[in-house]
Amino acid sequence: MLDGKVKTIEGKIYLSGCMSLICLNLARNNIGFESLSEFHSVVQFQSSVGRKIKGYRRMPGLLKLHLQKNLFDENDPKWLHIQEILLSRDPMATADDDGMSTFTTG
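S.K.: So what about the nonpolar core? Which residues, and what values?
M.R.: Ile31, Leu36, Phe39, Val43, Leu62, Leu65, Leu67, Phe72, Trp79, Ile82, Ile85 and Leu86 form the largest nonpolar core, which has 12 residues in total. Of all elements in the fold, only helix 1 (33-49) and helix 2 (77-89) reach the threshold of two or more residues within this core. Looking at this core element by element, the count peaks at four residues for helix 2. Once you skip the residues sitting within four places of it in the chain, Ile31 turns out to touch Leu26, Leu36, Phe39, Leu67, Asn70, Leu71 and Phe72.

Here it is in structure tokens:
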């Protein structure tokens with residue numbers, strides 16, 4: 001726990017994780033609501049600390065998350081929020097990009 005990237009918030013330990021991983025494909029992996037909640041926490045945390053980390057431009061953290069055909073509802077508020085966060089951080093996103101080609105679950 002000597003790593004400077006370790007944060008303790010409300011008694012929980014947070015690691016920024018692998019900030020060099022920008023795309024993760026976990027489609028068709030039986031991911032349910034609990035795992036979706038964990039992804040939500042990770043994306044929120046990376047978003048909050050990302051720009052403070054040295055080398056952010058080279059390693060911005062997760063930008064694309066493919067979770068098609070999993071066990072959670074595609075209209076779940078946490079999933080929709082993950083989409084918003086990732087889309088807002090994606091340097092390749094355009095103003096008319098709704099992100100649905102990347103983030104659909106159906």
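S.K.: Mind laying out the side chain of Asp90, listing which residues take part and the relevant values?
M.R.: Considering the arrangement of structural elements, one finds Asp90 in the loop between helix 2 and helix 3 (100-103). At 2.6 Å, the side chain of Asp90 forms a polar contact with the side chain of Lys64.

S.K.: Explain unusual backbone geometry to me, and be specific about the residues and the numbers.
M.R.: With a phi close to 50°, Glu10 is a non-glycine residue in the positive phi region. Relative to the helices and strands, Glu10 resides in the loop between strand 1 (6-9) and strand 2 (12-15). Residue class for Glu10 comes out exposed when judged on its relative accessible area of 79%. Unlike most non-glycine residues, Asn30 shows phi in positive territory, near 55°. On the secondary structure map, Asn30 appears in the loop between strand 3 (23-25) and helix 1. Accessibility expressed as a relative area gives 59% for Asn30, which makes it exposed.

S.K.: Before we move on, can you summarise helix 1 with the specific residues and values?
M.R.: In an α-helix, one full turn covers 3.6 residues, which means residues spaced three or four apart are oriented alike. For helix 1, spanning 17 residues, the distance from its first C-alpha to its last is 24 Å, which sits close to the expected 24 Å at 1.5 Å a residue. For helix 1, the full list of buried residues reads Leu36, Ser37, Phe39, His40, Val43, Phe45, Gln46 and Val49.

S.K.: How would you explain the confidence of the model for the protein if you had to name every residue and give the values?
M.R.: Counting all residues, the mean pLDDT for the protein is 80, and 72% of those residues have values of 70 or more. When mean pLDDT is compared element by element in the protein, strand 3 scores highest at 94, while helix 3 scores lowest at 45. Taken as a whole, residues 99-106 scores under 50 in pLDDT and shows 22 contacts with residues more than four places along the chain or in a different chain.

S.K.: Please give an account of the packing of aromatic side chains that cites residues and values.
M.R.: All told, the structure shown has one aromatic pair when counted by the stated rule. Arranged with centres 5.4 Å apart and planes meeting at 55°, the rings of Phe72 and Trp79 form a pair that is tilted. Across this residue pair, the class does not change: Phe72 and Trp79 are buried.

S.K.: Account for the packing of helix 1 against helix 2, with residues named and values stated.
M.R.: The description of two helices packed together rests on the angle between their axes and the distance between the axes. Relative orientation of the contacting elements helix 1 and helix 2 amounts to 30°, with a least axis distance of 10 Å. On the basis of the axis angle, helix 1 is roughly parallel to helix 2. Note on packing geometry: the crossing formed by helix 1 with helix 2 is left-handed. Where helix 1 abuts helix 2, its residues Phe33, Leu36, Ser37, Phe39, His40, Val43, Gln44, Gln46 and Ser47 lie against Lys78, Trp79, His81, Ile82, Ile85, Leu86 and Arg89. Looking at the contact of helix 1 with helix 2 residue by residue, the class counts come to eight nonpolar, six polar and two charged.

Rules of the game
Residues numbered from 1 in each chain as written. Predicted model: local features only at pLDDT ≥ 70, side-chain atom pairs only at ≥ 80, totals over all residues. Heavy atoms only, no water. Core = buried A, V, L, I, M, F, W, Y, C linked by side-chain atoms within 4.5 Å. Buried < 20%, exposed > 50% of the residue type's maximum accessible area, 1.4 Å probe, protein only. Helix = DSSP H or I, 4+ residues; strand = E, 2+ residues; numbered from the N terminus. Contact = heavy atoms within 4.5 Å. Polar contact = N/O pair within 3.5 Å; in protein donor to acceptor, adjacent residues only side chain to side chain. Expected span 1.5 Å × (residues − 1). pLDDT = per-residue confidence, 0-100. Phe/Tyr/Trp six-rings, centres within 6.5 Å; stacked < 30°, edge-to-face > 60°. Axes fitted to C-alpha atoms, helices over the stretch in contact; angles between N-to-C directions. Parallel < 35°, antiparallel > 145°, perpendicular 65-115°, else oblique. Left-handed = near helix turned anticlockwise from the far one by under 90°. Nonpolar A, V, L, I, M, F, W, Y, C, P; charged D, E, K, R; others polar.

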